[in-house]
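Structure at a glance
Given next are the chains, with one letter for each unit.
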Amino acid sequence: MADGVRYERDGHVATITYDRPEKRNAIDGDMRRAINAAWDRFRTDDEAWVAIVTGEGPAFCAGADMRSTTGNPAGDFPGSFFERPTVNSLESGWEIFKPIVAAVNGPAVGYGVTLLTWCDFVIASDRATFSFPEARLGVPTIVGALRLPRMIDRQYAMELLLTGETIDARRAHEIGLAGWVVPHEELGDAARDLARRLTAGAPLAQRAIKEMAVRGPEMGTTEAIRFGETLRKVVAATEDAAEGAAAAREKRPPHWRAR
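Residues numbered from 1 in each chain as written. Predicted model: local features only at pLDDT ≥ 70, side-chain atom pairs only at ≥ 80, totals over all residues. Heavy atoms only, no water.

Let's shift gears to the pattern of salt bridges. If you walk through the whole model with that rule in mind, you get 22 salt bridges. Here arginine 32 makes a salt bridge to glutamate 91, at a shortest N to O gap of 2.9 Å. On the criterion of sequence distance, the pair formed by arginine 32 in helix α1 (residues 29–44) and glutamate 91 in the loop between β3 (50–55) and β4 (100–104) is long-range, its members being 59 residues apart. Take arginine 32: its relative accessible area is 1%, and that puts it in the buried class. Of the charged contacts, one joins arginine 150 and glutamate 218 as a salt bridge, the two residues approaching to 2.9 Å between their closest N and O atoms. (Salt bridge = Lys/Arg side-chain N within 4 Å of Asp/Glu carboxyl O. Helix = DSSP H or I, 4+ residues; strand = E, 2+ residues; numbered from the N terminus. Buried < 20%, exposed > 50% of the residue type's maximum accessible area, 1.4 Å probe, protein only.)

Once that is clear, we can look at the sheet that holds strand β7 (residues 129–131). The three strands are arranged β5-β7-β8 in an open sheet whose pairing can be described as mixed. Each edge of the open sheet is held by one strand with a lone partner, namely β5 (107–109) and β8 (166–168). Taken pair by pair, the neighbouring strands of this sheet meet at an average axis angle of 20°, ignoring direction. For β7 and β8, the ladder comprises three bridges, and the chain directions are antiparallel. (Pairing = 2+ DSSP bridges. Axes fitted to C-alpha atoms, helices over the stretch in contact; angles between N-to-C directions.)

Here helix α9 (residues 221–236) spans 22 Å end to end across 16 residues, near enough to the 22 Å set by a 1.5 Å rise per residue. Buried residues of α9: Ala224, Gly228, Leu231 and Val235, and no others. Down the axis of α9, the sector holding all buried residues measures 60°, keeping them to one side. For α9, exposure combined with an orientation more than 90 degrees from the buried face picks out Ile225, Arg226, Lys233 and Ala236. Turning to α9, the residues buried within the fold contact α8 (203–215) and α10 (239–250). (Expected span 1.5 Å × (residues − 1). Arc of directions from axis to C-beta. Contact = heavy atoms within 4.5 Å.)

So, on to the sheet that holds strand β6 (residues 121–125). Read across the sheet, six strands follow the order β1-β2-β3-β4-β6-β9 without closing on themselves; strand pairing throughout is mixed. Looking at the sheet topology across the chains shown, the edges are occupied by β1 (5–10) and β9 (180–182). The mean inter-strand angle of the sheet, taken between neighbouring strand axes irrespective of direction, is 20°. Here four bridges tie β4 to β6, and the two strands are oriented parallel to one another. Paired with valine 104 across the bridge in β6 is alanine 124.

A positive phi is found at arginine 24, a non-glycine position, where the angle reads about 55°. Tracing the sequence through the fold places arginine 24 in the loop between β2 (13–18) and α1. Unusually for a residue other than glycine, lysine 251 sits at a positive phi of about 55°. Along the chain, lysine 251 falls in the segment after α10. Lysine 251 gets classed as exposed once you look at its relative accessible area, which sits at 78%.

Structure, rendered in structure tokens:
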């Protein structure tokens, strides 16, 4: 554990736990640096194929710690105002094409919900709640406003973004923000079960599929198809593709190596 974040790996599944329960896992400057380090570790760990992200204690993530004295909860931005990069964390748009499962164990606020818009799967405890309170604080959420309307119906997204109201897990499931709602005591098992199911797929093929799903909608149709066919050729030349074909011929489970 470092500065409020735990990174643990069991086989090919990494679990990143926000671990500052005394502050409801609100993000201060130290925790931001630790969060970024944990996601970078997952991104570069060849043996980590799937991630689960969750929170310690009763909250998932209470957003930014507005009383932080350890630096900017949004992270460090080198250079002058006009030169600052805005993509400096997973929430702000780091590209990680490995599958990510969110296990939302309690309130997800601000940054906590923005994180979910970059996850591929959201499993919510029946104790979870969701809110973007920024409009009630007099400041806008930017990445949330970009991502949430792409994830769920625009009207429901705008309702959350513009009212600042809190919704429960049942409503989150109704509008598509949470894919599943489970009893609180079953949340960890549900997330681990989904992660195990994901490790049955070829990891490099999965990453190409995710990259296509992320990039494709921002491209024209012809460009997207050309890009996708290029990805297909690259993945088809991997050891895993050869193993998949051999396993199908031999009628046995494949042994993936992410190579």
